[in-house]
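One letter stands for each residue in the lines below.
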Amino acid sequence: MASVSLCMIVKNEEDVLERGLKSAAGLVDEIIVVDTGSTDRTREIAAQFTDLIFDFPWRDDFAAARNESFSHASMDYCMWLDADDVLLEADQKAFLAMKETLDPAVSVVMAPYHTGFDGSGRVTFSYYRERLIKNRTGMGWAGAVHEAVTPVGKVIYADFAVTHRKTRPSDPDRNLRIYQALLAGGKELEPREQFYYGRELYSHCRWAEALSVLEAFLGEGRGWVENNIDACCLCARCLEQLDRPQEALTALWRTFAYDRPRAEVCCEAGRWFFQKERYGQAAYWYAMALTCSRDDRRGGFVSPDCYGYLPCIQLCVCYSRMGDQKRAESFNELAAFYKPDCPAVRFNRAWFREQEAQPA
């Protein structure tokens, strides 16, 4: 059986660290905690699980801190978790099954990372991350923020997922500050860094700046296909905010130059036409979303609702607005298949019953 070193970087994580370590302690053979400057009970909590606690002064570089944690690992594979990550019970079992059968020739194990959830706890945002990296193979982290390991050798995709469960907001400006400091220091951003810098500007509602950075990223033609598609969608959102709606739609069409349609893009196109009250065209694109096959292993950001619930509930509204109540009701019931407890589904059912009760 493969052995695994859990490698974590932490700072002031007393509210979540015990939860995360408890979920992983029975799965790994070694726990390494690198503290980047905690002033709370973080070290005390970590000491309940491991003696391998190291100090590393924070220098606005996540890759440097993660590489430091990996440098202390002695097992076959290094596994990373953030302090507010957990492995749920089903994922713990799947992890152990993977560990028992892991081929030693495997260099990297990719696993889903669940980071967005609805009110019922269902996953609404997910993507694959490099979760286990074979030790002493020369692979390391790169990127001061939104850091990543470039996989080499044999890569497999595991069934277990890691769930990101925040209990408090993090510093919303930290990543943007790091990128701006890098640029102020004369650094030329690599394509992946440029993409994520554009995303940070977008999340800060700096539409024109985000658009400029993302268009430059796309124009250079050096980006990964999934980042290119996401960048087009972000450009479309920026253009909408800048009151350039036709250009926004063109930005969505640009995604098709990179690969076949994603349900996420089709839903964005549906939303564009819906906002213009062009319900027939909106319905076309929402229906198109339902024909798109979901393939998380492509590695891009995945919004599971776009592959079922969202287009169905929107098709319900579109057909209702077009006067086809029977078809609208059928799509509401299809939406209920995906989310039976959804308030929108219940509201629509009540509305349809009221309409049926109206005298002819």
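About the thresholds
Residues numbered from 1 in each chain as written. Predicted model: local features only at pLDDT ≥ 70, side-chain atom pairs only at ≥ 80, totals over all residues. Heavy atoms only, no water. Helix = DSSP H or I, 4+ residues; strand = E, 2+ residues; numbered from the N terminus. Contact = heavy atoms within 4.5 Å. Expected span 1.5 Å × (residues − 1). Buried < 20%, exposed > 50% of the residue type's maximum accessible area, 1.4 Å probe, protein only. Phe/Tyr/Trp six-rings, centres within 6.5 Å; stacked < 30°, edge-to-face > 60°. Salt bridge = Lys/Arg side-chain N within 4 Å of Asp/Glu carboxyl O. Patch = residues over 30% accessible without salt bridge, like charges linked within 9 Å, V, L, I, M, F, W, Y side chains within 5 Å. Areas by Shrake-Rupley, 256 points an atom, 1.4 Å probe, with all protein chains shown as cover. 1 Å grid on protein atoms, 1.4 Å probe; cavity = no way out; pocket = protein on both sides within 12 Å on 5 of 7 lines; lining within 4 Å. Points joined across faces, edges and corners; volume = space filled by probe spheres on them. Nonpolar A, V, L, I, M, F, W, Y, C, P; charged D, E, K, R; others polar. Axes fitted to C-alpha atoms, helices over the stretch in contact; angles between N-to-C directions. Parallel < 35°, antiparallel > 145°, perpendicular 65-115°, else oblique. Left-handed = near helix turned anticlockwise from the far one by under 90°. Core = buried A, V, L, I, M, F, W, Y, C linked by side-chain atoms within 4.5 Å. Polar contact = N/O pair within 3.5 Å; in protein donor to acceptor, adjacent residues only side chain to side chain. Arc of directions from axis to C-beta.

## A few points about the environment of Leu 21
- Position of Leu 21 relative to the elements: it lies in helix α1 (residues 17–25).
- Distance in space between the C-alpha atoms of Leu 21 and Ala 47 is 11 Å, their sequence separation being 26 residues.
- Not counting residues within four places of it along the chain, the set of residues in contact with Leu 21 comprises Leu 6, Met 8, Ile 31, Ala 46 and Phe 49.

## With respect to helix α12 (residues 309–321)
- Its 13 residues place the ends of α12 19 Å apart at the C-alpha level, agreeing with the 18 Å of an ideal helix rising 1.5 Å per residue.
- Residues of α12 that are buried: Tyr 309, Pro 311, Cys 312, Ile 313, Gln 314, Leu 315, Cys 316, Cys 318 and Tyr 319.
- Where α12 is buried, its residues meet α10 (263–275), α11 (279–291), α13 (325–338) and α14 (343–357).
- Where α12 ends, the next residue or the one after it, Gly 323, has phi of about 90°, a positive value.

## With respect to the packing of aromatic side chains
- Overall, the coordinates contain 23 aromatic pairs when judged by the stated rule.
- On the basis of an interplanar angle of 70° and a centroid distance of 6.0 Å, the ring pair of Phe 125 and Tyr 127 is categorised as edge-to-face.
- Accessibility expressed as a relative area gives 26% for Phe 125, which makes it partly exposed.
- Taking the centre distance of 5.2 Å and the plane angle of 85° together, the rings of Tyr 284 and Trp 285 count as edge-to-face.
- For Tyr 284, a relative accessible area of 46% puts it in the partly exposed group.

## So, the pattern of salt bridges
- Enumeration according to the criterion identifies 30 salt bridges in this entry.
- The partner of Glu 226 in a salt bridge is Arg 262, with the nearest N and O atoms 2.6 Å apart. In this pair, Glu 226 is assigned in helix α8 (residues 225–241) and Arg 262 in the loop between α9 (245–254) and α10, connecting sequence segments 36 residues apart. Exposure class is identical for Glu 226 and Arg 262. Each is buried.
- Ionic pairing is found between Arg 271 and Glu 240, a salt bridge with its closest N-O pair at 2.5 Å. With Arg 271 in helix α10 and Glu 240 in helix α8, the pair connects residues that are 31 residues apart, well separated along the chain.
- Using a relative accessible area of 22% as the deciding quantity, one classes Glu 240 as partly exposed.
- Here the residues in one salt-bridge network are Asp 118, Arg 122, Asp 305, Lys 339 and Asp 341, joined through shared partners.

## Re a nonpolar patch on the surface
- A surface patch of nonpolar side chains, about 370 Å² in accessible area, is lined by Leu 290, Leu 334, Phe 337 and Tyr 338.
- Sort the elements by how many residues they give to the nonpolar patch and α13 lands first, with three residues.
- With respect to the secondary-structure elements, Phe 337 resides in helix α13.

## Details of the layout of surface pockets
- When its volume is computed, the second largest pocket comes out at roughly 670 Å³.
- Every residue lining the second largest pocket is counted, 31 residues in all, and those nearest its centre are Ala 148, Val 149, Arg 192, Trp 224 and Asn 227.
- Breaking the lining of the second largest pocket down by element, the ones donating at least two residues are β7 (123–134), β9 (148–149), α6 (191–203) and α8.
- It is α6 that contributes the most residues to the lining of the second largest pocket, five residues altogether.
- In the lining of the second largest pocket, the residues fall into 15 nonpolar, seven polar and nine charged.

## Some points on the packing of α8 against α10
- Packing of α8 against α10 leaves a shortest axis separation of 11 Å and a crossing angle of 15°. With respect to α10, the axis of α8 lies roughly parallel. By crossing handedness, the relation of α8 to α10 is classed as left-handed. Contact residues: α8 offers Ile 229, Cys 233, Arg 237 and Glu 240, while α10 offers Val 265, Glu 268, Arg 271, Trp 272 and Gln 275.
- Of the residues that constitute the contact of α8 with α10, the class distribution is four nonpolar, one polar and four charged.

## A few points about the nonpolar core
- Counting residues in each nonpolar core, the largest one holds 107 residues, and the members touching the most others are Leu 6, Met 79, Leu 87, Phe 95, Leu 132 and Phe 160.
- In terms of residue count, α8 provides more of this core than any other element does, nine residues in total.
- Judged by nonpolar contacts, the second largest core, of seven residues, contains Cys 312, Ala 335, Cys 342 and Val 345.

## Re the packing of α12 against α13
- α13 packs onto α12 with a crossing angle of 165° between their chain directions and a minimal axis gap of 8 Å. Between α12 and α13, the angle is such that the two are roughly antiparallel. In the crossing of α12 with α13, the sense of the turn from one axis to the other is left-handed. Residues Tyr 309, Cys 312, Ile 313, Leu 315, Cys 316, Tyr 319 and Ser 320 of α12 form the contact with α13, whose participating residues are Gln 325, Arg 327, Ala 328, Phe 331, Asn 332, Leu 334, Ala 335 and Tyr 338.

## Describing the side chain of Glu 200
- As for its placement among the helices and strands, Glu 200 is situated in helix α6.
- A distance of 2.8 Å separates a polar atom in the side chain of Glu 200 from a polar atom in the side chain of His 146.
- Setting aside residues up to four positions removed in sequence, Glu 200 forms contacts with His 146, Asn 175, Leu 176 and Tyr 179.

## Considerations on α9
- Burial in α9 covers these residues: Ala 248, Leu 249, Ala 251 and Leu 252. Take α9 and look down its axis: the buried residues cluster within an arc of 155°, on one side only. Turned more than 90 degrees away from the buried face of α9, the exposed residues are Gln 246 and Thr 250.
- Summarising the contacts, the buried residues of α9 are in contact with α8 and α10.

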